[in-house]
Every structure is written in structure tokens, then in C-alpha cells.
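Descriptive structure summary
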Amino acid sequence: MEDTSFAVPVTPKQIAYARSLALKNQTLLPWEVQQDRRALSSWIDAQARLKPVSALDQLPSSKQVAFAERLARIKRRAVPDECFRDKGLMSKWIDGNR
């Protein structure tokens, strides 16, 4: 006999939970995943394990700020204000002023 597989429809509860995870993790819920219960279940499992993205994750750490301020005093220059809002920019500023 031929083995045919078909998509099992998703449940409304699955879709609701998947949408809430997508919002929390700031990611897209792919359309093709929404068409199959097993695919959506796998997507939910993967998203549930992720740490949610928050605005605080983008801020530099206190150690990073302290180090940058110490460098700024030594170099007699100011740390740009935008560096205090983005850890990537702060890291680049530190690397450029060592």
C-alpha cells in the first residue's frame, strides 16, 4: 500500500497560543506552519524554549558602562549618549577607544 500523509488541521487553541508566542518573541508565525498540526506543534515547542526579547536586553551592562566611563576619563572625551541606549554601540565605542 502507498503511504500517504496529509496535514491534520490545527486547533483554535494551538493558533491562539502560537500567536501569543510570536508576539512575545517578536517573530513571525509562518503561514505554512499554520496549516499542519504537527508542524505548528514543533514550532510552538521551539518558540516556547526561547527567551523573550526585551528592551532591557539591548541596554549595555553596568560593567560595560563603568568601563566606558573609565576609558572616557583617561582619553578625556565623553561617551556618546546613544551608546548608553545600545550595547552594540557601546561595545564598538569601547573597542575604538582602548
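Preceding this paragraph is the structure being described.
Since we're looking at a predicted model, the values are computed, not measured. (Residues numbered from 1 in each chain as written. Predicted model: local features only at pLDDT ≥ 70, side-chain atom pairs only at ≥ 80, totals over all residues. Heavy atoms only, no water.)

1. Comments concerning the overall build of the protein
Looking only at helices and strands, the protein features four helices and zero strands. Computed over its C-alpha atoms, the radius of gyration of the protein comes to 23 Å, more than 25% above the 13 Å expected for a compact globule of 98 residues. With respect to the principal axes defined by its C-alpha atoms, the protein has extents near 80 × 30 × 20 Å. With 98 residues in all, the protein has 27% of them scored as buried. Within the protein, contacts between residues at least 6 apart in sequence are counted, and of these 54% link residues at least 24 apart. (Helix = DSSP H or I, 4+ residues; strand = E, 2+ residues; numbered from the N terminus. Rg over C-alpha atoms; globule rule 2.2 N^0.38 Å. Buried < 20%, exposed > 50% of the residue type's maximum accessible area, 1.4 Å probe, protein only. Contact = heavy atoms within 4.5 Å.)

2. Notes on the packing of helix α3 (residues 62-75) against helix α4 (residues 87-96)
Where α3 contacts α4, the two axes come as close as 10 Å, and the packing angle between them is 35 degrees. Here α3 runs over α4; the crossing is left-handed. Where α3 abuts α4, its residues Q64, V65, F67, A68, L71 and A72 lie against K87, M90, S91, W93 and I94. Partitioning the contact of α3 with α4 into residue classes produces eight nonpolar, two polar and one charged. (Axes fitted to C-alpha atoms, helices over the stretch in contact; angles between N-to-C directions. Left-handed = near helix turned anticlockwise from the far one by under 90°. Nonpolar A, V, L, I, M, F, W, Y, C, P; charged D, E, K, R; others polar.)

3. Notes on helix α2 (residues 37-49)
For α2, built from 13 residues, the straight-helix expectation of 18 Å at 1.5 Å per residue is met to within 8% by its first-to-last C-alpha distance of 19 Å. Structurally, α2 contributes buried residues whose contacts are with α1 (12-25). (Expected span 1.5 Å × (residues − 1).)

4. Brief notes about the side chain of Q47
One can find Q47 in helix α2. Residues within four places of Q47 in sequence aside, it is in contact with L21, N25 and T27.

5. Observations concerning the packing of α1 against α2
Contact pair α1 / α2: the axes reach a minimum separation of 10 Å and the direction vectors enclose 35 degrees. The interaxial crossing formed by α1 with α2 has left-handed handedness. Each of Q14, I15, Y17, A18, L21, A22 and N25 in α1 lies in contact with α2, whose residues at this interface are R37, L40, S41, W43, I44, Q47 and A48. Considered class by class, the residues forming the contact of α1 with α2 number nine nonpolar, four polar and one charged.

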